Amino acid sequence: MDDYRLYYIHNYADMKKINYRHFVYIGLIIGSLACTVFLFSGAFGRSIESIRDLLTSLVYYFAFIFDVDFGVAPTVIEYAQIPFFDYGQIPFISPTNYSFVLLPENWELFVADWYAFWDMFFVSDNFVKYLLFLTELLIPLSQILLTILLIRVFLLLLSKKKLEDERDDVVNYHKADDNVDSLPLRIFKRMSDFTYRPIKAWVLGMIDFAREHMGYVKWLIRIWLFNFHVYVIIVEAIAYVFYLIASLDFVSLYIQVYKLFVDLSVVFGFLPLFVWAGIIVGVLYWLTKRRGYKTLEHREAMNCGYINERAVVTTYAGTMGVGKTRTLVDVALSEQKILRDQAFEIIIESDLKFPFFPWINLERSLRQVMDCGAVVSHRQVRKWIRKKKSRYLKHGDCGRIFGYDVSRYPLDYNDGLKVSDIWDVIEDYACAYFIYVIESSLLVSNFSVRTDDLLEDLGNFPLWNNDFFRRDPRLMDSYSRHSHILDFDMLRLGKKLVENNPNAFAFGFGVFLISEIDKERKNDNELRSLGSKASDEECNQKNDLFNLLLMMSRHSCVIANRVFTRFVVDLQRPDSWGAAGRNLGEIVYIDSAKPMEPCLPFYSPFYLLDLAVSWIYGKYVAKYYESRFERSDNTLMTYLMKGLFAPLWQYTERIRNTFNSGAITLLVESGINGGEMKQRKYYMQAKKIYSNRYATDCLEGIFDRYAEKNTIAIWDLPEYESTVATWQELDMQNSFFQIDLKLLK
């Protein structure tokens with residue numbers, strides 16, 4: 001009982017604790033409301049005025065539509081009444097400052113000022129005053145530049161003196177000093193523990209708290225949008241559109257521009273210049289990132305268009321290092337997405353053919369038999385549906401099919417080509433849903449490929465998130481899956497390598513990736529030298545009928561005239577697979593590749609930052625490694641250099657890794673020798689293909705067996721004594737060529 005009391009008291013105390021950040025954000029909201037009352041009082045009047053303008057414009061619009069005079073004049077073409085309420089009579093309320101309105105009040109004054117400006121533009125006195133203004137502007141700028149230059153010279157001299165002292169004292173640094181903080185660095189860290197670090201931790205904590213409690217942030221945004229007349233601008237724009245439709249009064253457009261400047265003058269007069277600079281950079285950053293993502297997605301759509309043109313079996317050929325495996329993986333990832341999109345299209349089309357069919361009942365029944373393992377392939381789904389159909393035709397099932405009222409709704413569909421029975425459509429829907437809903441990779445390969453498609457399911461209809469470009473790599477472990485291990489017995493219609501292999505009949509649908517297929521299958525000359533024959537009792541490349549399966553693979557899974565099987569393979573030379581393999585499908589040669597560059601628009605702030613980082617990089621490397629060469633402990637200078645430069649470099653690297661994209665040129669040849677070569681473009685996108693998708697040394701395990709037995713390091717291998725090898729040194733090569741030369745002797 002005592003333990004229970006202690007447990008209860010402890011948890012009750014924890015429940016009573018309230019995070020102080022709640023009070024901070026509540027205080028910010030109260031302070032913002034106070035600003036609304038005391039600093040932005042005009043927002044109340046302009047808001048009421050904008051609502052009045054909208055209502056009168058609506059009345060004017062409907063009067064025009066129905067040709068009725070309601071006796072209400074539109075007020076949106078009137079100038080803003082500032083202040084709308086007489087706040088000047090209340091001593092403790094300050095009216096909003098509208099002194100930043102730069103436009104003249106009416107069009108006539110604007111025209112007069114326009115001509116006056118150009119008349120004064122070419123006056124010599126005005127030009128002299130302009131030069132004096134530039135001089136006065138250059139004086140503080142030059143002072144700032146000179147201050148920066150002096151600081152830079154001081155830091156260079158200080159760092160040079162520091163390094164010279166370190167060179168003089170280098171003999172005093174022993175192994176015990178490795179990775180030990182110097183005295184200035186220890187003092188700096190101690191000071192930062194009481195200044196910078198607590199402030200940084202507090203700010204980051206407030207940001208994380210805001211992400212978890214977005215209600216506070218939304219209310220702050222709403223209040224300041226109201227203070228800055230954003231709502232007023234939107235309502236006034238809608239009001240003027242209704243008025244303009246009915247009146248076609250384009251002359252009044254200047255009044256709207258003037259009122260817009262009136263409303264914008266509030267925020268222009270309130271925010272300082274450096275805040276505006278930050279806002280402009282932030283907006284440009286947001287816009288360019290959005291444009292960059294759209295460019296990546298557009299190029300991915302173009303890649304999918306290229307893939308849709310390809311045959312069921314596609315072979316990628318090229319020399320070592322040209323990017324065969326990279327292209328293979330990239331294509332396979334898009335192929336998987338295409339298969340799910342095809343299944344989704346069939347689901348939509350089936351739904352539209354019988355729009356009142358309760359598809360959710362079919363889905364739930366199918367999910368039940370899938371969960372209990374009663375169906376494991378699309379063929380078994382067809383069989384399951386056909387049993388349902390047979391039972392319905394025999395017993396009628398009370399006039400309903402999965403709850404579909406056949407007495408009210410039709411049982412067939414005419415598409416203009418043929419009449420489809422509802423059961424045929426149900427069968428297509430069920431098979432497509434089976435493939436679509438499988439929460440597993442659809443890739444089967446002889447090397448590992450990581451996928452990160454996410455199935456979002458609230459218990460109703462699931463949706464796939466196939467976005468390759470917006471994934472957070474810090475959450476990679478939570479959503480990663482890998483391709484399935486390819487058992488080649490799945491692809492053998494003839495003899496199997498493993499007797500009674502349970503995987504032998506698992507071939508059905510999916511994307512099959514086979515790297516270095518020529519080393520698996522070999523050509524006729526190699527097989528002939530090995531003595532392989534079709535009549536052999538043991539399984540070999542001559543009697544396993546592998547190529548026959550590839551020829552017939554498009555028939556393995558066809559739903560609503562769409563093929564759900566793809567083979568993507570690579571090799572170095574098409575001839576090394578032989579004619580049987582070459583004639584199976586298309587051969588794609590990787591011709592050339594352009595370097596990857598960020599696909600951000602030219603006005604992105606990233607390019608200026610990247611230019612600055614590139615300029616600093618060389619200086620940073622020289623200084624940092626000069627210091628590393630001189631001493632082994634940690635100095636304040638190197639600590640500050642890394643602390644300032646590393647975050648900038650890391651940011652530019654993240655941007656490049658996210659938005660880098662480059663085109664490769666592919667030459668597509670039909671499988672028949674002498675086929676026509678077609679040039680195609682394919683985009684490689686860094687975020688998609690390099691997000692830990694595969695290992696370039698994916699077959700490294702072959703050499704692990706040798707590494708376990710190895711006892712010789714590279715420095716233990718004998719060296720040549722001169723630039724000309726002796727006969728004994730050549731003999732140490734154990735070369736067939738050298739052996740042939742010895743035999744000739």
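**Concerning the confidence of the model for the protein chain**
Reasoning step 1: Here the protein chain averages 83 in pLDDT, while 88% of its residues score no lower than 70.
Reasoning step 2: Here residues 6-10 scores under 50 on pLDDT; set against residues more than four positions off or in separate chains, the count is zero contacts.
Reasoning step 3: This stretch, residues 170-176, has a pLDDT under 50; its non-local contacts, to residues over four places away or in other chains, come to six contacts.

**Let's talk about the pattern of salt bridges**
Reasoning step 1: Applying the stated criterion across every chain, the model contains 36 salt bridges.
Reasoning step 2: One salt bridge in this structure joins Glu-236 and Lys-259, with 3.2 Å as the shortest N-O distance. With Glu-236 in helix α9 (residues 230-247) and Lys-259 in helix α10 (residues 253-270), this residue pair connects regions lying 23 residues apart in the sequence.
Reasoning step 3: Between Asp-489 and Arg-492 there is a salt bridge, with its nearest N and O atoms 2.6 Å apart.
Reasoning step 4: Of the residues examined, Arg-492 reaches a relative accessible area of 7% and is grouped as buried.
Reasoning step 5: Among the charged side chains, a network of salt bridges with common partners joins Arg-46, Glu-49, Arg-52, Asp-53, Glu-236, Lys-259 and Asp-263.

**Let's talk about the packing of aromatic side chains**
Aromatic rings considered in pairs are described by the distance between their centres and by the relative angle of their planes.
Reasoning step 1: A complete count under the given rule lists 45 aromatic pairs for this structure.
Reasoning step 2: On the basis of an interplanar angle of 25 degrees and a centroid distance of 5.6 Å, the ring pair of Phe-344 and Tyr-436 is categorised as stacked. In this pair, Phe-344 is assigned in helix α12 (residues 324-353) and Tyr-436 in helix α15 (residues 422-437), connecting sequence segments 92 residues apart.
Reasoning step 3: Judged by relative accessible area, which is 29%, Phe-344 ranks as partly exposed.
Reasoning step 4: Ring centres of Phe-357 and Tyr-404 lie 5.1 Å apart, and the angle between their planes is 40 degrees; on these two criteria the pair is classed as tilted. With Phe-357 in the loop between α12 and α13 (359-371) and Tyr-404 in strand β3 (residues 404-405), the pair connects residues that are 47 residues apart, well separated along the chain.
Reasoning step 5: Classification of Phe-357 by relative accessible area gives buried; the value is 4%.
Reasoning step 6: Three or more aromatic residues link up through ring pairs in this structure, and these residues are Phe-344, Phe-356, Phe-357, Trp-359, Tyr-404, Tyr-409, Tyr-429, Tyr-433, Tyr-436 and Phe-461.
Reasoning step 7: The side chain of Arg-340 reaches across the aromatic face of Trp-464, ending 3.7 Å from its centre.

**Some remarks on the environment of His-22**
Reasoning step 1: Take His-22: it is sitting in helix α2 (residues 21-38).
Reasoning step 2: Sequence spacing of His-22 and Ala-210 is 188 residues, and the spatial spacing of their C-alpha atoms is 9.5 Å.
Reasoning step 3: Beyond its immediate chain neighbours, meaning those up to four positions away, His-22 contacts Phe-209, His-213 and Tyr-216.

**As for the pairing of strand β18 (residues 660-669)**
Reasoning step 1: For β18, the tally of buried residues reaches eight of 10 residues, placing the bulk of the element in the interior.
Reasoning step 2: The pairing of strand β16 (residues 586-593) with β18 spans six bridges and is classified as antiparallel. From the neighbouring strand, Val-588 faces β18, where its bridge partner is Val-668.
Reasoning step 3: Where strand β17 (residues 597-598) lies against β18, two bridges are found, and the strand directions are antiparallel.

**Brief notes about the environment of Met-677**
Reasoning step 1: Residue position: Met-677 is located in strand β19 (residues 677-685).
Reasoning step 2: On the accessibility criterion, Met-677 (43% relative accessible area) is partly exposed.
Reasoning step 3: Placed 90 residues apart in sequence, Met-677 and Ile-587 show a C-alpha to C-alpha distance of 9.6 Å.
Reasoning step 4: Once residues lying within four places of it in the same chain are set aside, the contact partners of Met-677 are Tyr-589, Leu-667, Val-668 and Glu-669.

**Notes on the side chain of Asp-428**
Reasoning step 1: Looking at the element boundaries, Asp-428 is found in helix α15.
Reasoning step 2: Although buried, Asp-428 forms no salt bridge, and the nearest oppositely charged side chain, Arg-382, lies 4.1 Å from it.
Reasoning step 3: Discounting chain neighbours no more than four positions away, the residues touching Asp-428 are Ile-346, Arg-382, Ile-559 and Ala-560.

**Regarding the packing of helix α21 (residues 605-630) against helix α22 (residues 636-659)**
Reasoning step 1: As a packed pair, α21 and α22 sit with axes 9 Å apart at the nearest point and diverge in direction by 140 degrees. The pairing of α21 with α22 is recorded here as oblique in orientation. Both α21 and α22 take part in a crossing whose hand is left-handed. Residue-level inspection shows Phe-606, Leu-609, Asp-610, Val-613, Ile-616, Tyr-617, Tyr-620, Lys-623, Tyr-624 and Ser-627 of α21 in contact with α22, the latter providing Met-637, Thr-638, Met-641, Lys-642, Phe-645, Leu-648, Trp-649, Tyr-651, Thr-652, Ile-655 and Arg-656.
Reasoning step 2: Here the residues of the contact of α21 with α22 sort into 14 nonpolar, three polar and four charged.

What counts and how
- Residues numbered from 1 in each chain as written.
- Predicted model: local features only at pLDDT ≥ 70, side-chain atom pairs only at ≥ 80, totals over all residues.
- Heavy atoms only, no water.
- pLDDT = per-residue confidence, 0-100.
- Contact = heavy atoms within 4.5 Å.
- Salt bridge = Lys/Arg side-chain N within 4 Å of Asp/Glu carboxyl O.
- Helix = DSSP H or I, 4+ residues; strand = E, 2+ residues; numbered from the N terminus.
- Buried < 20%, exposed > 50% of the residue type's maximum accessible area, 1.4 Å probe, protein only.
- Phe/Tyr/Trp six-rings, centres within 6.5 Å; stacked < 30°, edge-to-face > 60°.
- Lys NZ or Arg CZ within 6 Å of the ring centre and 35° of its normal.
- Pairing = 2+ DSSP bridges.
- Lys, Arg positive; Asp, Glu negative; His and termini not counted.
- Axes fitted to C-alpha atoms, helices over the stretch in contact; angles between N-to-C directions.
- Parallel < 35°, antiparallel > 145°, perpendicular 65-115°, else oblique.
- Left-handed = near helix turned anticlockwise from the far one by under 90°.
- Nonpolar A, V, L, I, M, F, W, Y, C, P; charged D, E, K, R; others polar.

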